[in-house]
Amino acid sequence: MFMSTPTLLIVDDEKNTREGLRAGLGEKFDVYVAEDAASAWNLLERESVDVLLTDLRMAGDDGIQLIARAKGLAKPPVCILMTAFGTEEIAVEAMKKGADDYISKGRLRIDELELRIQRALKRTALETENRQLHRRLDQKFGLQNLIGEAPGMRAVFELIQAVAPTRSTVLITGESGTGKELVAKAIHQNSPRARGPMITVNCAALPSTLLEAELFGHEKGAFTGAHERRLGRIEQAQGGTLFLDEIGEIDATTQVKLLRFLGEKTFERLGSSKTLSSDVRLVFATNKDLQALVAAGRFREDLFYRLAVFPIPLPPLRDRLQDLPTLCAAFIKEFAEENGKPIPNLTTAALEVLLQYSWPGNVRELRAAMERAVVMCREGHIQPQDLPQTVRTPNNRSQTTPSLELANAKPVTLKEAEKQLLIHALQEADGNRTLAAQKLGISRRTLHRRLHEFGLGDK
Ligand SMILES: Nc1ncnc2c1ncn2[C@@H]1O[C@H](COP(=O)(O)OP(=O)(O)OP(=O)(O)O)[C@@H](O)[C@H]1O
Ligand SMILES: [Mg+2]
């Protein structure tokens, strides 16, 4: 069931019991010991522990409290409670608080204990698998929070659905604010690892020496300031997904270590020569042109090819303006609800301003603009003056946007604005629906359906 030796944490205030158990179970498990709940908790926060075997009565928190807390961890251990006297009530209480099994110390035999631990581990693994399966079915096409119907986005959804179930390394590229992190999350959530952790590291946020320790971990004393052993993100992401953001920023040494990890799946903690392995799925993101960095000698070519096995390029917002009304509607709703306001209308005049802007900050910038607009707007109507100054300034405007005859400042709903967009596209295409649909980046069928919904259909 376990690829490596499971880790076991024994918590007991009596040294003899601790050491007796360690001696008895040390062959089958990687054993840690602690004398009370506080030091046990300290360790649980730092290390990934598979099994917690704890005494009931100790100084400070008791075993049941410790179990309750441990079950709140992202990757909770299998928990077994030991007590000196077996009473029904304690057993019931322990199970309620999350204990997986219960053992009376009075007749404790190592072989029986080992059997009970193995059984509990197996049961938990089966339950996890079962939950994963259900979740996978629930979420099969659950990319709800990623909005987009433009061809560029549909291609993205298809790529996500194709790659998520696999173990492939993914490279997400795109300008700032195009949704790279959202896509990384969608990949994790739609993968068989969804129940496992998703760990994110922003490679630009740390100086290179710290980044190395952050990723690979370090032993106590590996460098000045390394007061204790620390698990790296790669180890913490075991069984899940490791998302390395802004990968274009990593230095030469870390590039080499990463290359090795991608190839062999092995690494060492800083200050240790013990080779470790971790079962993680890697997702990378960058807003840099990695190929240009390779050409400039700042990024290893071999690493680039390893990363670029499955690229997902995200289109900038200005290339998918047909999604803008839907994105606006979603953000307006979100911020109205957050502020306890009724959902305001976006006036056609405001929509026109939004469609003329070039959006260098992409969806993030649009989202911020909508947050501001919801707060600023009066009487339930978002007007151009509620939009940020930069968005309204003409020289920031996109050259590529066709001008729309939407100057009418009369407040309308998004639905009405969409209707006007459809009419406009049809006019431009001289009534040719195939052409109009192409211009709008929607299928002819969708156009037909929409026209019908707006009472503009021919049947
Ligand atoms: N397709 C989308 N649908 C809905 N919201 C989106 C979409 N794309 C991005 N967003 C929102 O825009 C904001 C920015 O997205 P995200 O952080 O994923 O961008 P990014 O590409 O990682 O940016 P950066 O390169 O600056 O890190 C987030 O609030 C996100 O929820
Ligand atoms: Mg990001």
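The coordinates are above.
Summary of the structure given here. (Residues numbered from 1 in each chain as written. Chains lettered and ligands numbered in written order. Predicted model: local features only at pLDDT ≥ 70, side-chain atom pairs only at ≥ 80, totals over all residues. Heavy atoms only, no water.)

1. Examining the overall build of the protein
Each helix and strand in the protein was counted, giving 19 helices and 16 strands. Here the protein has a C-alpha radius of gyration of 28 Å; the compact-globule value for 459 residues is 23 Å, and the former is much larger. Reported as C-alpha extents along the three principal axes, the dimensions of the protein are approximately 90 × 55 × 40 Å. Each of the 459 residues in the protein was classed as buried or not, and the buried ones make up 46%. Taking contacts inside the protein between residues at least 6 apart in sequence as the whole, the part at least 24 apart equals 67%. Total accessible area on the protein stands at roughly 23,300 Å², and carbon and sulfur atoms take up 50% of it. Within the protein, one finds 62 positive and 61 negative side-chain charges whose respective centroids are separated by 3 Å. (Helix = DSSP H or I, 4+ residues; strand = E, 2+ residues; numbered from the N terminus. Rg over C-alpha atoms; globule rule 2.2 N^0.38 Å. Buried < 20%, exposed > 50% of the residue type's maximum accessible area, 1.4 Å probe, protein only. Contact = heavy atoms within 4.5 Å. Areas by Shrake-Rupley, 256 points an atom, 1.4 Å probe, with all protein chains shown as cover. Lys, Arg positive; Asp, Glu negative; His and termini not counted. Charge placed at Lys NZ, Arg CZ, Asp CG, Glu CD.)

2. Thoughts on helix 18 (residues 433-440)
Turn by turn, an α-helix covers 3.6 residues, leaving residues three or four places apart pointing in a common direction. Here helix 18 has its buried residues at Arg433, Ala436, Ala437 and Leu440. One face of helix 18 carries all of its buried residues, which in axial projection span an arc of 100°. Seen from the buried face of helix 18, the exposed residues on the opposite side, beyond 90 degrees, are Gln438 and Lys439. Of the residues that open helix 18, the one with a side-chain oxygen 3.0 Å from the backbone nitrogen of Thr434 is Asn432. Of the residues trailing helix 18, Gly441 is marked for its positive phi of about 70°. (Arc of directions from axis to C-beta. Polar contact = N/O pair within 3.5 Å; in protein donor to acceptor, adjacent residues only side chain to side chain.)

3. Remarks on the pairing of strand 6 (residues 170-173)
As paired elements, strand 6 and strand 13 (residues 281-286) share four bridges and run parallel to each other. Pairing of Thr173 across the sheet is with Thr286, part of strand 13. Where strand 6 lies against strand 14 (residues 310-313), four bridges are found, and the strand directions are parallel. Note on strand 14: the bridge partner recorded for Ile172 is Ile312. (Pairing = 2+ DSSP bridges.)

4. Section: the pattern of salt bridges
All chains considered together, the criterion is met by 24 salt bridges. Ionic pairing is found between Arg193 and Asp279, a salt bridge with its closest N-O pair at 2.8 Å. With Arg193 in the loop between helix 7 (180-189) and strand 7 (198-202) and Asp279 in the loop between strand 12 (275-277) and strand 13, this pair connects stretches of sequence that are 86 residues apart. Taking relative accessible area as the criterion, Asp279 reaches 21% and is therefore assigned partly exposed. Each of the salt bridges in this network shares a partner with another, and the network as a whole consists of Glu47, Glu219, Arg229, Glu235 and Arg269. (Salt bridge = Lys/Arg side-chain N within 4 Å of Asp/Glu carboxyl O.)

5. Examining the sheet that holds strand 14
Taken together, five strands build an open sheet; the order of strands is 7-10-13-6-14 and the sheet is parallel. Of all strands in the sheet, those bounded by a partner on one side alone are strand 7 and strand 14. In this sheet, adjacent strand axes meet at a mean angle of 20° when their direction is disregarded. On the sheet, helix 6 (residues 151-163) packs against strand 6, strand 13 and strand 14 and is oriented at approximately 150° with respect to strand 14. (Axes fitted to C-alpha atoms, helices over the stretch in contact; angles between N-to-C directions.)

6. So, the environment of Ala40
By the element assignment, Ala40 lies in helix 2 (residues 37-46). Sequence separation between Ala40 and Glu19 is 21 residues; the distance between their C-alpha atoms is 15 Å. Leave out the neighbours within four places in its chain, and Ala40 touches Leu9, Val11, Ala34 and Leu66.

7. As for helix 6
Taking 1.5 Å of rise per residue, 13 residues should cover 18 Å, and helix 6 covers 18 Å from first to last C-alpha, within 8% of that figure. For helix 6, the full list of buried residues reads Met153, Val156, Phe157, Ile160 and Val163. Seen end-on, helix 6 carries its buried residues on one side only, within an arc spanning 145°. (Expected span 1.5 Å × (residues − 1).)

8. Quick word on the packing of helix 13 (residues 324-338) against helix 15 (residues 362-376)
Two elements in contact, helix 13 and helix 15, have axes separated by 9 Å at closest approach and are oriented at 50°. Taken together, the axes of helix 13 and helix 15 lie oblique to each other. Helix-helix and strand crossings are classified by hand; for helix 13 and helix 15 the assignment is right-handed. Residues Leu324, Leu327, Cys328, Phe331, Ile332, Glu334, Phe335 and Ala336 of helix 13 form the contact with helix 15, whose participating residues are Val363, Leu366, Arg367, Met370, Glu371 and Val374. Here the contact of helix 13 with helix 15 is composed, by residue class, of eleven nonpolar, no polar and three charged. (Parallel < 35°, antiparallel > 145°, perpendicular 65-115°, else oblique. Left-handed = near helix turned anticlockwise from the far one by under 90°. Nonpolar A, V, L, I, M, F, W, Y, C, P; charged D, E, K, R; others polar.)

9. Quick look at unusual backbone geometry
One non-glycine residue, Asn362, adopts positive backbone phi at about 55°. Residue placement: Asn362 occurs in helix 15. Judged by relative accessible area, Asn362 falls into the buried class, the value being 0%. Of note, Glu379 is a non-glycine position whose phi angle comes to about 50°, a positive value. Here Glu379 lies in the loop between helix 15 and strand 16 (381-382). With a relative accessible area of 76%, Glu379 lands in the exposed category.

10. Considering the packing of helix 6 against helix 7
In the contact formed by helix 6 and helix 7, the axes pass within 9 Å of each other and the chain directions differ by 35°. The two elements helix 6 and helix 7 cross, and the hand of that crossing is right-handed. Across the interface between the two elements, Val156, Ile160 and Val163 of helix 6 pack against Val183, Ala186 and Ile187 of helix 7. Partitioned by chemical class, the residues of the contact of helix 6 with helix 7 number six nonpolar, no polar and no charged.

11. Thoughts on the site of ligand 1
Ligand 1 sits among 19 residues. The nearest are Ile147, Ser176, Gly177, Lys180 and Arg364. Arg364 has a polar side-chain atom sitting 2.8 Å from an oxygen atom of ligand 1. Out of a free accessible area of 640 Å², ligand 1 has 86% covered by protein chains. Those elements that place two or more of their residues in the shell around ligand 1 are helix 7, helix 13 and helix 15. For the shell around ligand 1, a count of residues per class yields seven nonpolar, six polar and six charged. (Near = heavy atom within 4 Å.)

Shape is all these values report; function is a separate question.
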